[in-house]
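Given next are the chains, with one letter for each unit.
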Amino acid sequence: MRTSEKPAVNAAGLSGPASRKLPVPPRERKPALAALAVLLVLGGALATTLLVLRSGDRVSAIRVSQQVGAGQRFTEKSIEEVKVAADTGVDYVGWSHRAEVLDSFAAVTILPGTLLTSQMGVRTSSELGAGKATVGLSLKPGQIPAGVKEGDRVQLIHVPSRSAQGESRVLAESALVFSVNQSARTGTSAQITVIVDSSASPEIVAFASSGEIAVAELPGGR
């Protein structure tokens, strides 16, 4: 009896259509996207370089080194040169204009460390204009608080002596301290100059000469 023969098996695997692999489409190259990526990288690097270079661009500006009270003239000691970035966006005053600044007055009280802008200075001082007077005061301990300085606002108060009749009263509501004589300020006395209304100056001078004046600081009035 003849045994039936088994069909030969393809050594490589299944034969016929099932053994055929689907064709793989070739990869599509996109040169435009590659070029765009390169441009973005280069653009970012260029922007970073420009920022670094620009951060090194410095110009000379004016910074206030000592407090300048409203109405006070700028002095050589009250301003200093400082280097700032050229593109700060602040309307600062350049160091080259310092001569003009020294010929002007502070429009508001300016604290040390402030970068000076054009809006902070005026050509004429309202504090030293018509109707104003400067008065010098020589005060003893207890008549003036410690730490009063140029540009501060103070009240001037009449304090009658024990032998005199009357009560304390305010002579000047908001006088501007124009100067403080630091060399004359000791543990026993202090000398300051204040700006007051000219109508009140005779009375203030009279009470100051008799030692019946006291000064009260107004921190919120700076």
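Source: prediction; values computed, not measured.

Colleague: Now, about the overall build of the protein: what can you tell me, with residues and values included?
Modeller: The number of helices and strands found in the protein is three helices and nine strands. Taken from the N to the C terminus, the helices and strands of the protein come in the order α-β-β-α-β-β-β-β-β-β-α-β. The buried share of the protein, taken over its 222 residues, is 30%. Accessible surface for the protein amounts to roughly 14900 Å². Of this, 57% is attributable to carbon and sulfur atoms.

Colleague: Break down the nonpolar core for me, with residues and values.
Modeller: Leu137, Leu156, Val194 and Ile204 are the most contacted members of the largest nonpolar core, which has 21 residues in total. Counting only elements with at least two residues in this core, the list comes to strand S5 (132-139), strand S6 (153-158), strand S7 (169-181), strand S8 (190-197), helix H3 (201-209) and strand S9 (213-217). Those residues within four positions of Val194 in sequence are excluded, and the remaining contacts are Ala133, Thr134, Val135, Leu137, Val154, Leu156, Ala175, Leu176, Val177 and Phe178. Judged by nonpolar contacts, the second largest core, of 13 residues, contains Val64, Val93, Val101 and Leu116.

Colleague: Let's hear about the pairing of S6: which residues, and what values?
Modeller: Successive residues of a regular strand alternate their side chains across the two faces of the sheet. Most of S6 sits out of view: six of its six residues are buried. Bridge analysis of S6 against S7 gives five bridges, and the strand direction is antiparallel. By the bridge assignment, Val154 is partnered in S7 with Ala175. Both S6 and S9 contribute to a ladder of five bridges, which runs antiparallel. Within the sheet, the bridge partner assigned to Ile157 lies in S9 and is Ala214.

Colleague: Which residues make up the pattern of salt bridges, and what values go with them?
Modeller: Taken as a whole and judged by the stated rule, the model has five salt bridges. Where Arg169 meets Glu203, a salt bridge forms, and the shortest distance between an N and an O atom there is 2.2 Å. In this pair, Arg169 sits in strand S7 while Glu203 sits in helix H3, placing the two residues 34 residues apart along the sequence. Looking at Arg169, the relative accessible area reads 38%, which means it is partly exposed. On the accessibility criterion, Glu203 (33% relative accessible area) is partly exposed.

Colleague: Help me get a handle on H3, residues and values and all.
Modeller: All buried positions along H3 are accounted for by Ser201, Ile204 and Phe207. End-on view of H3: buried residues confined to an arc of 130 degrees, all on one side of the axis. Turned more than 90 degrees off the buried face of H3, the exposed positions are Pro202 and Ser209. Its buried side turned inward, H3 meets S5, S6, S7, S8 and S9. Of the residues flanking the end of H3, it is Gly211, one or two places downstream, whose phi is positive at about 75 degrees.

Colleague: Account for the pairing of S5, with residues named and values stated.
Modeller: Burial of S5 is one-sided: the residues Ala133, Val135, Leu137 and Leu139 facing one way are buried, the residues Lys132, Thr134, Gly136 and Ser138 facing the other way are not. Pairing between S5 and S8: eight bridges, direction antiparallel. Counted as the bridge partner of Lys132 is Asp197 from S8.

Colleague: Requested: an account of the sheet that holds S8, with residues and values cited.
Modeller: Read from one edge to the other, the open sheet built from five strands follows the order S5-S8-S7-S6-S9, with strand pairing classed as antiparallel. Strands with a single pairing partner mark the edges of an open sheet, and in this sheet they are S5 and S9. Neighbour to neighbour, the strand axes of the sheet diverge by 40 degrees on average, direction disregarded. In this sheet, S8 lies alongside S7 in antiparallel orientation, the contact comprising five bridges. Looking at S8, one finds that Asn181 is bridged to Gln191.

Colleague: Just give me the short version of the side chain of Thr117, but keep the residues and values in it.
Modeller: Inspection of the secondary structure puts Thr117 in the loop between strand S3 (105-106) and strand S4 (121-122). In this structure Thr117 touches Val90, Asp91, Tyr92 and Val93, once residues within four positions along its chain are discounted.

Cut-offs used in this document
Residues numbered from 1 in each chain as written. Predicted model: local features only at pLDDT ≥ 70, side-chain atom pairs only at ≥ 80, totals over all residues. Heavy atoms only, no water. Helix = DSSP H or I, 4+ residues; strand = E, 2+ residues; numbered from the N terminus. Buried < 20%, exposed > 50% of the residue type's maximum accessible area, 1.4 Å probe, protein only. Areas by Shrake-Rupley, 256 points an atom, 1.4 Å probe, with all protein chains shown as cover. Core = buried A, V, L, I, M, F, W, Y, C linked by side-chain atoms within 4.5 Å. Contact = heavy atoms within 4.5 Å. Pairing = 2+ DSSP bridges. Salt bridge = Lys/Arg side-chain N within 4 Å of Asp/Glu carboxyl O. Arc of directions from axis to C-beta. Axes fitted to C-alpha atoms, helices over the stretch in contact; angles between N-to-C directions.

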